[in-house]
Structures are given as structure tokens and as C-alpha cells.
Amino acid sequence: MSQPLRTLDLKQGGDTLLVLLPGAYMTPEHYREHCFPAVEARGLKLDLCAVDLGLDAVSAGDAVPDVVAQILHPARTHYAHVWLGGISLGGLLALGLNADHPGLVDGLCLIAPYPGSRLTTNAIARAGGLAAWQPTAEQLTDPEFRAWAWLKAPPPDFPVFAGYGLQDRFAEGMAQIANCFPPAARCAVPGDHDWPAWRVLWEHFLDAGLLPVAA
């Protein structure tokens, strides 16, 4: 039986919840330090739930089912709007979860989303790029490939924020992800794969007007 997931929550009294998945070696405390204050400072009626996911659970494939069962399904009974977000590996996990559970969340916040392993990105590149790539049945058993398969044709009315730092070592792959969405959904800022860039992107997301919240 899965253990209860540890979370840190920010309750602002709204009817919108944003669930935040962590990057590698990231804890909910990082979100509390770097992301919660900007929501409080703006007085947004937005609740946050930062989830603790160990890399072992991610690698074993247990992390996403636990998030769905323990957090997202219950949230749908309490909130009018449920969004999913993540930084780095958390962004890729959010993409994959949404691909596997269409309709479960109402939008995505992808900050510096990790594009996946070289095995994944090289296979797509060898096929001639995302538009030309046609996933095989074997590839679709892998959550990274399923995330990219969803990116081939995201629903046009599905709100997404996709941002990354221009000096990020994964910037090329992140730009490919961002380019799957309309220009208004994309945000590239100076910076690397670290919190100084991620904090700026987070503030851009909060100010973009994508979330159904009021100050």
C-alpha cells in the first residue's frame, strides 16, 4: 500500500488549487520559500499544494498514481478549478500525468520542464522532429514518450504556461515543448536551470492572467 504523500499547503480561500510537483532533489520547502510568497504578496485567491515525491517513487512509476489518487481526485470535489504544475522533472511529470489522465486538470504551469532522457529526445530527433515522429506501440509504454505524443496536438483551448531560462542547459528541448503552445503561453527569460530564473518565471505565470483567480 502506498504511503500518504507529504505536502505543504498554502490556503488563500479560493476555489482554484494549483498542485506543484517537484524537480529532482526538490522538496515542498523549496516551493514554500520561493513560490508561496509571491502568491501571498499579490493577495491571489489561489491555493497551492506542493508535493514531496522521492526519486525512487518516480523511477518505480508510483509517484503519478499516488498524486492522482491522493491529491487530484479529492481536489476535484473541493475546488472548481484544479491546475497542475512543476519545475524541471516536475514539469515533465505534470505533462505525463495530464497526457495519461485527460480532463483531470484544467491547466498546466510548466517551469523549465525537463524534456526527458536522451533516449527519448534522440528518438524523436531521428524521426525528423516532433511533427514527423509517429510513436510506436513500444514507445507508448514509456511515460516520457506519451508526454511527447500528447504534445503533438494539445487541445487548442487548454491553458498552459511554458517558461524556461535562455541559458538553461536543457533550453533547446524546453523550447520545443514551449513551441507546442500558442505564443501567449510561452515565456523565455535570461537565466539558467536554477531558482533565480524559476522565480522570475513563476511571477510571469502569476501575472499572465491564465488562472481563474481574483486578487
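Below or above, wherever it landed, is the structure these notes cover. Quick caveat, the model's predicted, so the values are computed rather than measured.

Sheet architecture is open: seven strands sit in the order β1-β3-β2-β4-β5-β6-β7, paired in mixed fashion. Bordering the open sheet on either side are β1 (7-10) and β7 (186-189), each of which pairs with just one other strand. Adjacent strand axes in the sheet meet at a mean angle of 15°, parallel and antiparallel pairs treated alike. Here strand β2 (residues 16-21) pairs with strand β4 (residues 81-87) via six bridges, running parallel. Considered in β4, the bridge of L18 is made with W83.

This brings us to the state of the cysteines. Under the counting rule described, the total for this entry stands at zero disulfides. Sulfur of C49: no disulfide; nearest cysteine sulfur belongs to C35 and is 13 Å away. Using a relative accessible area of 7% as the deciding quantity, one classes C49 as buried. With no disulfide of its own, C187 has C109 as its nearest cysteine by sulfur position, at a separation of 10 Å.

All of the buried residues in helix α6 (residues 118-126) are T120, A123 and I124. Burial along α6 is one-sided: seen end-on, the buried residues are contained in an arc of 95°. Exposed side of α6, more than 90 degrees from the buried face: R118, A125 and R126 are the residues found there. Looking at the buried positions of α6, the neighbouring elements they touch are α7 (143-151). Just downstream of α6 lies G128, where phi reads positive at about 105°.

We now examine the packing of α6 against α7. Contact geometry for α6 and α7: axes closest at 9 Å, N-to-C directions at 40°. In terms of their interaxial angle, α6 and α7 are classed as oblique. Note that α6 runs across α7; the crossing there is right-handed. Seen from α6, the contacting residues are L119, T120, A123 and I124; seen from α7, they are E144, F145 and W148. Among the residues forming the contact of α6 with α7, the class breakdown is five nonpolar, one polar and one charged.

As a further point, take the environment of A75. Residue placement: A75 occurs in helix α4 (residues 63-78). Separated by 58 residues in the primary sequence, A75 and L17 have C-alpha atoms spaced 7.7 Å apart. Look past the residues within four positions of A75 in its chain and what remains in contact with it is L17 and V82.

Right, let's get into the pairing of strand β3 (residues 46-51). Counting buried positions over the six residues of β3 gives six, a clear majority of the element. Of the two faces of β3, the one lined by L46, L48 and A50 and the one lined by D47, C49 and V51 are each fully buried. Inspection of the sheet shows β1 paired to β3 by four bridges, in the antiparallel sense. If you follow L10 over to β3, its bridge partner there is L48. Bridge count between β2 and β3: five bridges; the pairing is parallel.

This brings us to the packing of aromatic side chains. Within the structure shown, the criterion is met by nine aromatic pairs. Between W150 and F158 the ring centres are 5.9 Å apart and the planes differ by 80°, which places this aromatic pair in the edge-to-face class. One exposure class covers both W150 and F158, and it is buried. Clustering of aromatic rings is evident, with ring pairs tying together W83, F161, W202 and F205.

The rules behind these values
- For every chain, the first residue of the written sequence is number 1, and numbering continues from 1 along that sequence.
- Thresholds applied to this predicted model are a pLDDT of at least 70 for local features of residues and 80 or more for the giving and counting of side-chain atom pairs; totals over whole chains, interfaces and linings are not thresholded and use all residues.
- As a rule here, side-chain values cover all heavy atoms of the structure and leave hydrogens and water aside.
- Pairing between two strands requires that DSSP report at least two bridges joining them.
- To qualify as a helix, a DSSP run of H or I must reach at least 4 residues; to qualify as a strand, a run of E must reach at least 2; elements of each kind are numbered from the N terminus.
- For every element, the axis is a line fit to its C-alpha atoms; helices are fit only across the contacting stretch, and the angle between N-to-C directions ranges from 0 to 180 degrees.
- Here, the term disulfide refers to a pair of cysteine sulfur atoms separated by no more than 2.5 Å.
- The classification of residues rests on relative accessible area computed with a 1.4 Å probe and restricted to protein chains. Under 20% of the type maximum is buried, over 50% is exposed, and intermediate values are partly exposed.
- Note: the arc covers the axis-to-C-beta directions of the helix.
- When checking whether two residues touch, look at their non-hydrogen atoms; a contact exists if any pair is within 4.5 Å.
- Any angle that falls under 35 degrees is termed roughly parallel, while one over 145 is termed roughly antiparallel, one within 65 to 115 roughly perpendicular, and all others oblique.
- Here a crossing is taken to be left-handed if its near helix is turned anticlockwise relative to the far helix by less than a right angle, and right-handed if that turn runs clockwise.
- In this classification, Asp, Glu, Lys and Arg are treated as charged, Ala, Val, Leu, Ile, Met, Phe, Trp, Tyr, Cys and Pro as nonpolar, and every other residue, Gly included, as polar.
- Paired rings are identified among Phe, Tyr and Trp, the last through its six-membered ring, by centres lying within 6.5 Å, and are further divided according to the angle between planes into stacked (under 30 degrees), edge-to-face (over 60) and tilted (the rest).

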